[in-house]
Amino acid sequence: MAAASAVFALVLLMTAVGSSALLWLAPTFGAVRHGYELLTGATVVLLAWGGWSALAAPLDSLTDAGAIAAGGRLGTLVVVMIVATVAAIAALFLRVPAIVARVLGVAATFAGIAAFHPLAVIRDVGSPARGLVAGIAELAAGSLFLGAIWVGMILGHWYLVERRLSNRYMVFIAWTNVAAVVAGLVSLLLSARNPVPCEGLGIAAFQQCAMTFAPVLRIGSMTLILGFGVLALIAIIAAFNVRLAREGGRSIQASTGMFYLAVILAPAVEFAAKVRFF
């Protein structure tokens with residue numbers, strides 16, 4: 001399934017799963033106004049829907065029976081995640097007890113995590129040496145990396161709504177961002193064992209694959225070099241975020257600006273890693 005849209009879909013789906021986990025399981029739940037959950041939950045739905053839409057065409061090109069079956073399970077799990085998240089948002093909007101929304105949100109998160117298995121199965125078809133466990137680990141690490149940065153940016157903006165909100169939540173997400181950098185490093189290192197795009201294909205398949213990926217991405221370890229370089233910049237940003245978040249006050253606005261930069265850079269790291277996934 002060598003298609004640029006498949007890589008784009010992975011990035012969107014991982015961002016949705018990581019953001020969902022932090023939205024419903026982080027200490028921010030119940031500590032900030034529910035508008036924060038409504039806003040972030042809406043982005044999770046859009047990310048998951050966009051990821052599934054981008055992956056639909058590459059899945060249609062599958063011919064292996066095992067991969068086709070895995071694609072069906074994947075679609076079911078993503079739909080469950082979207083529906084459960086919409087239900088959680090509706091529960092908050094209708095002022096149903098918050099615990100109901102949280103249970104639905106956690107269920108949505110687990111559905112998203114469960115979707116990692118069929119994704120790894122599709123990747124593993126035709127190349128069992130890569131391993132399902134490694135594939136799931138790559139996706140989990142990428143989800144933490146992307147989700148922490150996305151949620152951090154939204155939370156930083158939420159401080160403009162709740163100006164008296166304690167900075168402890170921004171400190172939490174800043175340290176989570178540090179952990180996310182480590183997860184990004186793990187994602188890149190695991191991707192090193194995967195082949196570069198279009199490698200090992202027949203002439204016709206290679207020509208078709210080559211039309212979807214830039215030549216620089218098909219040069220040896222170039223994707224890893226690009227990924228490590230951008231990740232180093234995000235690591236510097238993460239260090240600044242911790243310092244700024246601990247200062248509180250107007251420094252949180254500066255920390256939010258740092259998250260802006262990280263949001264722009266983070267997808268590039270995961271594109272570099274996941275371009276080798278399938």
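As a reminder, the structure under discussion sits directly above these lines.
This text gives an overview of the structure that appears in the document. (Residues numbered from 1 in each chain as written. Predicted model: local features only at pLDDT ≥ 70, side-chain atom pairs only at ≥ 80, totals over all residues. Heavy atoms only, no water.)

All right, on to the packing of aromatic side chains then. In this structure the tally under the stated criterion is three aromatic pairs. Where W24 meets F29, the ring centres are 5.9 Å apart and the plane angle is 50 degrees; that geometry is what we call tilted. In this pair, the class of W24 matches that of F29, namely buried. (Phe/Tyr/Trp six-rings, centres within 6.5 Å; stacked < 30°, edge-to-face > 60°. Buried < 20%, exposed > 50% of the residue type's maximum accessible area, 1.4 Å probe, protein only.)

Mapped onto the elements of the fold, T256 is located in helix 10 (residues 251-274). Its relative accessible area of 6% is what places T256 among the buried residues. There is a polar contact of 3.4 Å between the side chain of T256 and the backbone oxygen of G156. Residues contacting T256, with those up to four places away along its chain left out, are M153, G156, H157 and M170. (Helix = DSSP H or I, 4+ residues; strand = E, 2+ residues; numbered from the N terminus. Polar contact = N/O pair within 3.5 Å; in protein donor to acceptor, adjacent residues only side chain to side chain. Contact = heavy atoms within 4.5 Å.)

With that settled, consider the packing of helix 3 (residues 65-93) against helix 4 (residues 98-114). To characterise two packed helices, one gives the angle between the axes of the helices and the distance between these axes. Relative orientation of the contacting elements helix 3 and helix 4 amounts to 165 degrees, with a least axis distance of 8 Å. Classed by the angle they form, the pair helix 3 and helix 4 counts as roughly antiparallel. Where helix 3 crosses over helix 4, the handedness of that crossing is left-handed. Across from L77, V80, M81, A84, T85, A87, A88, A91 and L92 in helix 3, the residues of helix 4 making contact are A101, L104, G105, A108, A111, G112 and A114. When its residues are assigned to classes, the contact of helix 3 with helix 4 shows 13 nonpolar, three polar and no charged. (Axes fitted to C-alpha atoms, helices over the stretch in contact; angles between N-to-C directions. Parallel < 35°, antiparallel > 145°, perpendicular 65-115°, else oblique. Left-handed = near helix turned anticlockwise from the far one by under 90°. Nonpolar A, V, L, I, M, F, W, Y, C, P; charged D, E, K, R; others polar.)

Glancing now at the environment of L74. Positionally, L74 belongs in helix 3. Note: C-alpha distance between L74 and A115 (41 residues apart in sequence) is 5.4 Å. What L74 contacts, discounting residues up to four positions off in sequence, is W52, L55, L59, A115, P118, L119 and I122.

Attention shifts here to the side chain of S187. Within the fold, S187 resides in helix 7 (residues 168-191). Using a relative accessible area of 0% as the deciding quantity, one classes S187 as buried. Apart from residues lying up to four places away in sequence, S187 is in contact with E138, A141, G142, E270, A273 and K274.

Now for empty space enclosed by the protein. On inspection of all chains with the given rule, the structure shows one cavity of 30 Å³ or more. Space inside the largest cavity adds up to approximately 60 Å³. Lining the largest cavity, in full, are L13, A16, V17, A48, L74, V78, M81, G112, A115, F116 and L119. Secondary-structure elements contributing two or more residues to the lining of the largest cavity are helix 1 (4-25), helix 3 and helix 5 (116-124). (1 Å grid on protein atoms, 1.4 Å probe; cavity = no way out; pocket = protein on both sides within 12 Å on 5 of 7 lines; lining within 4 Å. Points joined across faces, edges and corners; volume = space filled by probe spheres on them.)

Another point: unusual backbone geometry. Positive phi, close to 60 degrees, is recorded for R95, a residue that is not glycine. Checked against the element boundaries, R95 lands in the loop between helix 3 and helix 4.

Our focus in this paragraph is the pattern of salt bridges. As a working rule, side chains carrying opposite charge can pair if their charged atoms are close by. The final tally for this structure, using the stated rule, is two salt bridges. Across the pair E247 and R243 runs a salt bridge, and its minimum N-O distance is 3.4 Å. Of the two residues, E247 and R243 both sit in helix 9 (residues 222-247), four residues apart, roughly one turn of that helix. Looking at E247, the relative accessible area reads 46%, which means it is partly exposed. (Salt bridge = Lys/Arg side-chain N within 4 Å of Asp/Glu carboxyl O.)

Our focus in this paragraph is a nonpolar patch on the surface. A surface patch of nonpolar side chains, about 590 Å² in accessible area, is lined by F93, L94, V96, I99, V100 and V103. Ranked by residues supplied to the nonpolar patch, first place goes to helix 4 with three residues. Under the relative-accessibility criterion, F93 is labelled exposed at 64%. (Patch = residues over 30% accessible without salt bridge, like charges linked within 9 Å, V, L, I, M, F, W, Y side chains within 5 Å. Areas by Shrake-Rupley, 256 points an atom, 1.4 Å probe, with all protein chains shown as cover.)

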